[in-house]
Amino acid sequence: MTGTTTKPPMRNWLRLESLAILILCVGLYAHIGAPWWLFAAAFLAPDLSFAAYLFGGRVGAWTYNLAHSEVGPAVLGLVGLGLAPALTPLALIWGAHVGFDRMLGYGLKIGASFGQTHLRAIGKAGAGV
């Protein structure tokens, strides 16, 4: 680790893992036969967590991280498998979104700063990195 972000070789490995998560979630979504209109409509829903930054950096980062962690889709998927099958497609869409974001290099937010993530600095914070 350099500072608060990962070095490029590890970052590339993490991005490859994220691509695998994205492919797995989309493949499973196709396998269960859920409607693609739902996938298209809900794919960007986790990004609504950006609105929490209106309440300050700490609340925004916490909410963003909650919406962009693989824990949420995994738990929702388990609930979908066990109790409410209608939730399974939503869990797969959510997991695909997180995989897609991480594949692009968007990581979990560090502290209250929007531009510092566990993978790298983004936006103005990443200029010159």
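Structure shown above.
What you see is a predicted model; the values in this text were computed from it and never measured. Along each chain, residue indices are assigned from 1 in the same order as the chain's sequence is written. With pLDDT at 70 or above as the cut-off, local features in this predicted model cover only qualifying residues; side-chain atom pairs require 80 or more to be listed or tallied, and sums for whole chains, interfaces and linings still use all residues. Calculated side-chain values reflect all of the structure's heavy atoms, with hydrogen atoms and water omitted.

### Observations concerning the overall build of the chain
Per the secondary structure count, the chain includes five helices and zero strands. Comment: elements are numbered from the N terminus, with helices defined as DSSP H or I runs of at least four residues and strands as E runs of at least two. Along its sequence from the N terminus, the chain presents helices and strands in the succession α-α-α-α-α. Accessibility here uses a 1.4 Å probe with only protein chains present; expressed as a share of the type maximum, an area under 20% marks a residue as buried, one over 50% as exposed, and anything in between as partly exposed. Within the chain, buried positions represent 36% of all 129 residues. Any two residues whose heavy atoms approach within 4.5 Å are treated as being in contact. The contacts of the chain with a sequence gap of at least 6 include a subset with a gap of at least 24, amounting to 58%.

### Brief notes about the environment of asparagine 12
The residue asparagine 12 is located in helix α1 (residues 8-32) in this model. Counting along the chain gives 107 residues from asparagine 12 to leucine 119, while the straight-line C-alpha distance between them is 9.6 Å.

### Digging into the nonpolar core
Counting residues in hydrophobic clusters, the biggest one holds ten residues: Leu22, Cys25, Tyr29, Ala34, Phe39, Ala42, Phe43, Leu92, Ile93 and Ala96. Counting residues per element, the ones that place at least two in this core are α1, α2 (36-42) and α5 (88-104). Apart from residues no more than four positions distant in its own chain, alanine 96 is found in contact with Leu22, Cys25, Val26, Phe39 and Phe43. Side-chain atoms within 4.5 Å link the members of a nonpolar core, which is a set of buried Ala, Val, Leu, Ile, Met, Phe, Trp, Tyr and Cys residues.

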